[in-house]
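Take a look at the letters that make up each chain.
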Amino acid sequence: MTMLAEQVDGVIGVDTHRDTLAAAAVSPIGAALATTDAPANARGYRRLLEFARQHIPGRRCWALEGVGSYGAGLAAFLDQAGEQVVEVLRPKRSAVRGGRKTDMLDAIRAGKEALASEHLIQPRARGEREALRVLLVTRHGAVLASTAAINQFKGLIVSAPDDLRAELRKLKRPAQINRCAQLRDRPAQSIEHRMTVRALRSTAQRVQTLQAEARDLEGEIISLVRQMAPELLELQGVGPITAAQVLVSWSHPGRFRSEAAFASFAGVSPIPASSGLTNRHRINRSGDRQLNRALHTITLIRMRLDPATKTYVARRISEGKTSRDAQRCLKRAICRQLFKILERSGRTPTTSSEPLDSI
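The following refers to the structure shown. (Residues numbered from 1 in each chain as written. Predicted model: local features only at pLDDT ≥ 70, side-chain atom pairs only at ≥ 80, totals over all residues. Heavy atoms only, no water.)

### Comments concerning the overall build of the protein
Per the secondary structure count, the protein includes twelve helices and seven strands. With 359 residues in all, the protein has 42% of them scored as buried. Nonlocal contacts in the protein, meaning residues at least 24 apart in sequence, comprise 60% of its contacts between residues at least 6 apart. Just so you have it, the protein exposes about 19,400 Å², and 51% of that area is on carbon and sulfur atoms. (Helix = DSSP H or I, 4+ residues; strand = E, 2+ residues; numbered from the N terminus. Buried < 20%, exposed > 50% of the residue type's maximum accessible area, 1.4 Å probe, protein only. Contact = heavy atoms within 4.5 Å. Areas by Shrake-Rupley, 256 points an atom, 1.4 Å probe, with all protein chains shown as cover.)

Take a look at the structure:
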């Protein structure tokens, strides 16, 4: 395995913040050559690029923290400038209490972390992928707010005056929401009744607004998914939201060195948990949990509706696995199937009838 130190003449480690950027030029053996800081704007990005060209004029690589947040602007600028950029996780802090901590030290640690890493992390793509991500995040927020508003709405009905509660409890929830959104308070009624009507009307209208917002965002998500990877929507159990999450987490071809790496990132790679005469694997609880949730949703739908999946699970159970272990194996197989579809371009899409590979 070729390490980064053998490929470059130096690394620029960058510790990113909202307003400032701290950078350090690090040699291939981990020595700090120079440090600087710059504002987190276009002028600061150009200053850091000049700093890099001055101290590491040959082959160089940038190691950035927070590429998806405070480092997003710098990463995009460097990509346009043709620079090699890798993402590093938050550097490990000293276990000793009272260990030193400054932005410059963090920048040096970022550079050393990239040099010592066995597997470099490529930054996620922007463009369509970032558009899809922000739509997913916003829709998720609307769904959570809608759920909270519905719970509040149900509580208001429970404590409403008897005549109002009796009228509403005969209706199903969508009809309750529509009815309450049109309620009007009357001066002849008691103040408790009038204020309850106002609260129900306001909450019902909020639910309707949030649900309409979520539907509009889902429509935008469907359009983007159809442009980026329409073959995903042809798979059994894959809807627009799960397909969008898979695309957002995967990002672009070549980001993962293998389908096993993608499975590990998704938290579906088997983890050995053997002891004594017991030989087994357990569920991986790390990785991208949103991607893991999307795979879990696909798994449940296929186990309920897809005959090929039912056969696969039955075969696994007949081999001595528990139903939970069979589901873990199924997740791993689905992850492999999705990765193959995403990585290959210009080929016939795989359908849900493709046999699931054994784990």
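Having seen the structure, we can now continue with the description.
### Considerations on the environment of Pro230
With respect to the helices, strands and loops of the structure, Pro230 is situated in the loop between helix 7 (191–228) and helix 8 (240–250). Counting along the chain gives 13 residues from Pro230 to Ala243, while the straight-line C-alpha distance between them is 9.2 Å.

### Considerations on helix 3 (residues 103–116)
Between the first and last C-alpha of helix 3 there are 20 Å, a value that for 14 residues agrees with the 20 Å anticipated at 1.5 Å per step. For helix 3, the full list of buried residues reads Asp106, Ala107, Ile108, Ala110, Gly111, Ala114 and Leu115. Against strand 1 (10–16), strand 2 (20–26), strand 3 (32–39), strand 4 (60–64) and strand 5 (85–87) lie the buried residues of helix 3. (Expected span 1.5 Å × (residues − 1).)

### Structural notes on the side chain of Ser27
With respect to the element layout, Ser27 can be found in the loop between strand 2 and strand 3. Its relative accessible area of 10% is what places Ser27 among the buried residues. The contact partners of Ser27, leaving out residues within four places of it in the chain, are Leu33 and Leu115.

### Things to note about the packing of helix 6 (residues 173–181) against helix 7
For the pair helix 6 and helix 7, the least separation of the axes is 7 Å and the interaxial angle reads 120°. Considering their axes alone, helix 6 and helix 7 lie oblique with respect to each other. The crossing of helix 6 and helix 7 is left-handed. Across from Ile177, Asn178, Cys180 and Ala181 in helix 6, the residues of helix 7 making contact are Leu200, Arg201, Ala204, Gln205, Val207 and Gln208. Taken together, the residues that form the contact of helix 6 with helix 7 break down as six nonpolar, three polar and one charged. (Axes fitted to C-alpha atoms, helices over the stretch in contact; angles between N-to-C directions. Parallel < 35°, antiparallel > 145°, perpendicular 65-115°, else oblique. Left-handed = near helix turned anticlockwise from the far one by under 90°. Nonpolar A, V, L, I, M, F, W, Y, C, P; charged D, E, K, R; others polar.)

### Points about the pattern of salt bridges
Enumeration over the complete set of coordinates arrives at 15 salt bridges. When the shortest N-O distance is used, the salt bridge between Glu130 and Arg133 registers 2.7 Å. Of this pair, Glu130 and Arg133 both sit in helix 4 (residues 128–158), three residues apart, roughly one helical turn. Exposure remark for Arg133: the relative accessible area of 28% places this residue in the partly exposed category. With its nearest N and O atoms 3.6 Å apart, the salt bridge here joins Arg201 to Asp185. Within this pair, whereas Arg201 is found in helix 7, its partner Asp185 is found in the loop between helix 6 and helix 7, the two being separated by 16 residues in sequence. (Salt bridge = Lys/Arg side-chain N within 4 Å of Asp/Glu carboxyl O.)

### Observations concerning the packing of aromatic side chains
Scanning the model with the defined rule gives four aromatic pairs in all. Residues Tyr45 and Phe77 carry aromatic rings whose centres are separated by 5.8 Å and whose planes lie at 40° to one another, so their mutual orientation is tilted. Taken together, the residues Tyr45 in helix 1 (residues 42–55) and Phe77 in helix 2 (residues 72–80) connect sequence positions 32 residues apart. Residues Phe256 and Phe265 carry aromatic rings whose centres are separated by 5.1 Å and whose planes lie at 55° to one another, so their mutual orientation is tilted. Overall, Phe256 belongs to the buried group, its relative accessible area being 10%. Aromatic ring contacts, followed pair by pair, group Phe256, Phe262, Phe265 and Phe339 into a single cluster. Between the NZ or CZ atom of Arg255 and the centre of the ring of Phe265, over which it lies, the distance is 5.5 Å. (Phe/Tyr/Trp six-rings, centres within 6.5 Å; stacked < 30°, edge-to-face > 60°. Lys NZ or Arg CZ within 6 Å of the ring centre and 35° of its normal.)

### A closer look at the sheet that holds strand 5
Taken in spatial order, the five strands of this open sheet run 3-2-1-4-5, and their pairing is mixed. At either end of the open sheet lies a strand with only one pairing partner, and these are strand 3 and strand 5. Taken pair by pair, the neighbouring strands of this sheet meet at an average axis angle of 20°, ignoring direction. Judged from the five bridges that link them, strand 1 and strand 4 form a sheet pairing that is parallel. (Pairing = 2+ DSSP bridges.)

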